[in-house]
Structure formats: structure tokens, C-alpha cells
Amino acid sequence: MFANIIIDITHEKLDKIFQYRIPSELEGMLEVGAEVEVPFGRGNRLTKGYIIGFSETCDYDLSKVKAINGLAEKSVGIEAKLVALAAWMKEHYGGTMIQALKTVLPIKRQESAKVKRQVRLLLSKEEAEEKLLLYQKKNQKARARLLEALLRDGTDGVLPYELVVQKLNITRTVVRALEEQNVLALESENVFRNPLADNPGIGADQEESESSEKAFSYTTAQKEAIQTVWNGLKAGQRTWLIHGVTGSGKTALYIEWIKRTVSEGRQAIVLIPEIALTYQTVMRFYHQFGDRVSIMNSRLSAGERYDQMVRAKEGKIDVMIGPRSALFTPFPNLGLIVIDEEHETTYKSEQVPRYHARETAIRRAELEDAGVILGSATPSLEAMYRARNGEYGLITLTERAKAHAKMAQVEVVDMRAELKEGNHSILSHSLYEKMEQRLKDGEQIMLFLNRRGYAGFLSCRECGHVIKCPHCDVSLSTHRGGKLVCHYCGHEEYKPLNCPECGSKHLGEFKVGTQQVEDVVQKMFPQTRVLRMDLDTTRNKNGHEEILSAFANEEAQILIGTQMIVKGHDFPNVTLVGALAADMSLYADDYRAGERTFQILTQAVGRSGRGEKAGEAVIQTYSPDHYAIQTAAAQDYEGFYEQEMYYREMMGYPPVEHLLAVLLSCEEETLLETGADYLKNFAKRAAGKAPIQIIGPASPSIGKINDIYRKVLYLKTEKYDTLVKMKNRLEQYIEINSGYQKIRIQFDFDPMHL
Ligand code: ADP
Ligand code: ZN
Ligand code: ZN
């Protein structure tokens, strides 16, 4: 038998399988996924690697095949199923196999688990008392002291080692001596760090809150959804999309399906965008699953994260909640993967392999015969498109679960008109008046500054016109030197002096920050306490949670912030949400700009009126007629989907067609340009008669980072598999062409940003 091994060195040239003999002493001890040490390269340096399979035969000269040295020291193996998943990821997203393996095994072995040590008496009471007399007679004070302590009532002959050393002043030597005489044993027990139990405020004795799942009975719509999905999963409909307005009880449903999964002896993973992984959410799961639930996020130490993996592997937990990487939790019998806020862009990795958690979850579920549930108030176009094609099951929830909670009333304010009337403030008249009223009534307000996707586009302050690429229908970006550039096709033009639409001279880049908004608001309402949440104010470890709980406790009446404030929070006293500069994200140089704007505005509006009092929202914009703004204001997902799909179909953007971005980077500009051109020509030849559109090369949004130049080439076609094949062809071409040695190449399928 030979082991097929991937060497743990990230280098395109080493991205292949190496075969090794299995020495007799290791026979039967090695599994797929094992981390081993092998002699490698010149000088046979011991190098780590992972076994990804076994073969009866060897493809190399037998006399030259080396033997595995042994398991790697402190090895952390990968589950065989996750090795298979890694292979799929490498094929579908590019990169090397070792990069894929490292992605499904995101954590290195840490000083595991704190060890709790204790001293246990091995003698009977009589024997011990006899020994004690002996020690006293010999004047062996330390031994006598320890034995006395172990004989004391209530100890059961067991004492924590720390206490023995620190309080009784017994040395390690004394303990060892008694151990040798079989008087006592020094035992150790692994204590895994448990982020929930160790978190003050979350504990078994926590009172059950009103929102605990045990406190209510399901609505008719919820009951139907529970049954339909559950039966569907059993009948082989593996993936489900739950399209439900904020507050429709999606989380309550996830908990129910997970409960059922767990009762069948299987485990569940819940993916949540990191930013929405809050105390409130975790508590709801904790109430249901207690110590059998754990969390994974970037605020845990590496040691804590490692322990959570071990707990999962050993069957000590049933539910893992975490961001994207929690998808690779090594559960023994995975039954369900839930992806909440399925539309979030953070589910796409920015590192090679640039995988999408949605597709990867579906693949993992296939490999392990599990189910996948995607939930969102504003599903991604991808998910809805597939649901409508019948690939996913679809559940629609249109009502809020709490009988009294109604959707908010929304007003759209045209900021161009405000300007004409002489109002130059960040706040419109209407928003100002509504704020005044709500403050008087003792209610709370959120002001949301939409800064996402801001990329330096040029717009007219008088008519709202945005300068766009004539070929691609995405906005042009301003570059130094007065040029406007399309990051998609490379089109360039000079900045116009006047608005091509209305002739106005007021063309500018739109810029306003949260600090500015806070200053304005504080000046207008000097008596009111205002909180601000952005990257500056949340820098410390718990900053995020502190601000949110201060606001939840009504220590302030107004909360100002970026997109951070609109995710996953329930503030029952918030009755007014103001979205400032709602269209800032609309003209990002990106085909997903409309989708993002619609999603973020819908979420923002959804924050208002979640309690008993009715809520309202004000959307301030320079483009009140844009369909993304209009449909968000009307909370009309269907309407948005229709219009957006029309645009995607016309332009051939995902999900209708698929896009592969080939990113090239290099320190030498001319080398890069030649490399990009040659690659484009090769791609054209490789495509042959296949209907593949090849676009670019263009400069991406940031054309140069740290003196490294970048270019991007786009391949567009209807079938994803065609792009995978093209990627493989390009990889081969790059490998055999020495011209690409200094050029780094990465692939990005259906990129989140152009
Ligand atoms: P979503 O995840 O769709 O935003 P949640 O599950 O968070 O919805 O539900 C919104 C609120 O309604 C929560 O406070 C939840 O406890 C409550 N809730 C959910 N289902 C019911 C129900 N059947 N009866 C009463 N309250 C419910
Ligand atoms: Zn204009
Ligand atoms: Zn263009």
C-alpha cells in the first residue's frame, strides 16, 4: 500500500500528489486526513503533509519511493469527509490543494485544553492512618501534612493539585515520592475552554427571557413551514430557502429544526455573519441547547477556538454557531447546516480558495447526507433564482410573528429638492420633525449612514446624475489625474466639467462620515444622549456589544452608525430609522450595487417598530426614482427581484451567467501587461467556439498596492463548469510558461466586487 500525500508547502509547482511507502510499524494506523512527516526534496528534510488517499500501485520507480517517517508531532488530522470537500473546493474555486486543506482545517493545534490536576489517595482509611503515624514518627512533616489533609472529612480523598502545592506547601518531589509508594496518584483531566460558560452573563442560571423559544407557541405559518421543510428534507429536497421578513420568526424555526436534528443524534452548524453574532442571538440558542451549543468567532483566542473543534469532534456539543469558517466544524454526524442572512457578502472568502459558504455548505451536505437551510429577509439573487428554478425548496413568510408587530411606514425624501429649498443640512426637514416628535415621546431613533461600497464615483449634486461606463452600466471611478475609469472593461474618459445631464457645475464625490452626523445631531438636540457606532468606537474587544447594550438599556435615545447597527438586533423601543445618503452604495462600480442597496435599506427599515409601538422610517436620497430605493421603501422584494433580474439578464451578470475573474499581480508593470495580454489570447484560443466572453484586461479598483501592479481579466459564460474547465486550462498554461514565474495569479468565481 502507498499513501498519496499533499506536502504542506504552498507553491503552485508542488501542487501535486506525492506517493510514499507505509512502513510496517504504521500499517493500519493511518487514515485519510492524517498529518504525517515525510522526507522531502533535496536532503530529504522532514516535512509535514496530509494523506489524501491510498493506492495499491505506485506510479513512480519503486526503488526511489521513500517511506513515511511517522505521524507529525502534535498532529491534527482532517476528517476524511472534509478532505473530500477540500478537493471539491480546489477544483471549483482554484488555488492549491494544500490551501484548500488548510481552509477546512483552519486551526493549528494549540496548547490544548487546560488540564485540571488532582491528587487522589489510593489507600483505605485504616492503611492511610497507619502511614500517617509512621510519617509523624519519622518526622516527615510534609508527607504527614498531605496525608492528614487527604483524610479530612468531605475531601473523599481527592484534592486539587494547585491547593496541595500552594496552600499546603507540598513540593512536587514529595508528591512524586508518595506516588511511587502507591500512596496516592496524580491524575489529570482535560478541561476544555467553553466560551459560553466562561462568559459572564451567560450561564445555566440565566433567567428565561420573554423571547425564549419555550415562551410561545408557533403561528400557523410557522407550523406549516416547520412541517413542509422537515418532510422535504426527509424526502430528499436537501436545500431550502426561507424568505421571511425581519421578525417573521426565522430564528425560532431554525431552533425547531435543529432540535429535531439533535434528537435524531445528529449535529448542526449555524452560520451567522460575524457582526450579527450577538449576545441576544447566542442566548436564544443557549436557552434551548445549554452546554451542548458552542460558538466560534474571531474574538475567541486560538486556544479557545481549537478547543471548540475538539469538543465538536468528540461529540461534546450538538450545535456550533459561528461565521463562515464554522462551516468546517468536524462533527461526527452532521445533520443540518443553517445559513442565516444568506445574502451577506461575508460568506464569500477573500482568500484563496475564494469559496462561497452557500455553495460549499450544499456540497458538504451532499457528502454527509445532511440538509441546508438558507434564511434571509432579502435573499441573494442567486438563492432566489435557484429557488424559483426548483433547485431549492422555498418558504415565504410575510408576517411578523408577534401579533402586534407591524412593518414600518416609510417615507422617501428627495434631497435634491431639499437643496433647492435651501436646506444644506445632512438631515431633511421631514426627518428632523419626526425625530423631534419621537424624542418628545421618549422613544428611540437609529440613524444609519450607508457607506458601503463607496468607491469615489462622481455625481451631480443638483440632478443626481451619476457618470457611468457606456459599455457596462456600472459607475466610473475617479482616479487621480482627473480620469474616470471603468474597473470592469478598462474604459477611460476625462472628468467632465459640467453635468452631461443638466449642465450644472456641481459635480462631486459624495463624502460624509458618522462623526460629522453625530456633531450635527448633537447640535440640533443638545439635551439628548447620542451613541455612535463605527470602526472607531468599536475598536476594543467588547466595544460593539457595549454600545449595543447601552442602547438596549435606553442609556441613549439616538444611535448613529454604519451598516453595523442594522444587523440582527431587536430594540423594541426604536420607532424611527433614518437612512442618510441611502444611495451612496447604489453607484459602487459593481453589478451588485443595486442588490446591496436594497438589502441594506430593507434591513434598516426593518429595525423600526419591532416592539408594540408602530414604527416609521425615512430614506434620504438623491435618486428617489431608482427601483432599488423605491422597492426597499415599499418593502417589496418581488418587485425588486423582477427589475434586478431584468438588468442581470440583459447584461449577462450572475446568477444568469457566471463570471470568472482572473487576477494577475506583479512588481513589473510591463511584464504584467504582456502576461495579461498573452493570457487573454490563450483564453480566446482555449475557448474556441464555446460561447465564452472574454473581457479586459482592466485595472481593478485598486490598480496598485505596495508597488505591486494588478490586472484583471473576466471570463463570462452560462455554465459554471465551463469556467472551471477554463480555469484548469489557464492553470496548465501558466505552469508550463516560464513568463509567468514572477506573476501571481488568483481565480475568483462570481466575484463579490468587480
Ligand atoms: P427573524 O429571525 O425572522 O427576525 P425571530 O425568530 O427573531 O425572527 O422572531 C422575531 C421575534 O418574534 C423574536 O422576539 C421571537 O422571540 C418572536 N417570536 C417568534 N415566533 C413567535 C411566535 N410564534 N409567537 C410569539 N413570538 C414569536
Ligand atoms: Zn446634473
Ligand atoms: Zn466598462
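Basis of the calculations
Residues numbered from 1 in each chain as written. Chains lettered and ligands numbered in written order. Predicted model: local features only at pLDDT ≥ 70, side-chain atom pairs only at ≥ 80, totals over all residues. Axes fitted to C-alpha atoms, helices over the stretch in contact; angles between N-to-C directions. Helix = DSSP H or I, 4+ residues; strand = E, 2+ residues; numbered from the N terminus. Parallel < 35°, antiparallel > 145°, perpendicular 65-115°, else oblique. Left-handed = near helix turned anticlockwise from the far one by under 90°. Contact = placed C-beta atoms within 7 Å. Nonpolar A, V, L, I, M, F, W, Y, C, P; charged D, E, K, R; others polar. Near = placed C-beta within 6 Å. UniProt positions renumbered as here; feature names shortened; annotations may be inferred. Buried ≥ 20, exposed ≤ 12 C-beta atoms within 10 Å, placed from the backbone. Pairing = 2+ DSSP bridges. Core = buried A, V, L, I, M, F, W, Y, C linked by C-beta atoms within 7 Å.

A look at the packing of helix α1 (residues 80-93) against helix α2 (residues 97-104)
Right, on to step 1. Look at α1 against α2: their axes get within 8 Å of each other, and the N-to-C directions meet at 130 degrees. The angle between α1 and α2 falls in the class oblique. Both α1 and α2 take part in a crossing whose hand is right-handed. Listed contacts from α2 to Leu82, Leu85, Ala86, Met89 and Lys90 of α1 are Met97, Ala100, Leu101, Thr103 and Val104.
Right, on to step 2. Of the residues in the contact of α1 with α2, the class split is eight nonpolar, one polar and one charged.

A short note on the site of ligand 1
Right, on to step 1. The local shell around ligand 1 holds 16 residues, among which Phe216, Gly249, Lys250, Thr251 and Ala401 are the closest.
Right, on to step 2. Tallied by class, the residues present in the shell around ligand 1 amount to four nonpolar, nine polar and three charged.

Examining the UniProt feature "binding site: Zn(2+) 2" (unreviewed entry) in the protein
Right, on to step 1. When the UniProt feature table is mapped onto this chain numbering, "binding site: Zn(2+) 2" (unreviewed entry) sits at Cys469, Cys472, Cys486 and Cys489. For this annotated set, covering 21 residues, all C-alpha atoms fall within 8.8 Å of each other, a compact arrangement in space.
Right, on to step 2. The residue Cys469 is located in the loop between β18 (459-460) and β19 (477-479) in this model.
Right, on to step 3. Here Cys469 falls in the buried class, since 21 other C-beta atoms lie within 10 Å of it.
Right, on to step 4. Tracing the chain through its elements places Cys489 in the loop between β20 (483-485) and β21 (492-494).
Right, on to step 5. Judged by C-beta crowding, with 18 C-beta atoms within 10 Å, Cys489 ranks as partly exposed.
Right, on to step 6. Dropping the residues within four chain positions of it, Cys489 is found in contact with Cys469, His471, Cys472, Ile695, Gly696 and Ala698.

Describing the sheet that holds β19
Right, on to step 1. Sheet architecture is open: three strands sit in the order β19-β20-β21, paired in antiparallel fashion. Each edge of the sheet is formed by a strand with only one pairing partner; in this case those strands are β19 and β21. When strand polarity is set aside, the average angle formed by the axes of neighbouring strands in this sheet is 35 degrees.
Right, on to step 2. Direction of pairing for β20 relative to β21: antiparallel, over a ladder of three bridges. Bridging from a neighbouring strand, Val485 pairs with Glu492 of β21.

Quick word on the nonpolar core
Right, on to step 1. Among the nonpolar cores identified, the biggest contains 173 residues, and Leu101, Val319, Ile321, Ile373, Phe448, Leu601 and Ile619 are the most heavily contacted of them.
Right, on to step 2. Non-local contacts of Val319, meaning those with residues more than four positions away in its chain, are made with Ile258, Gln267, Ala268, Val270, Phe285, Phe289, Arg292 and Val293.

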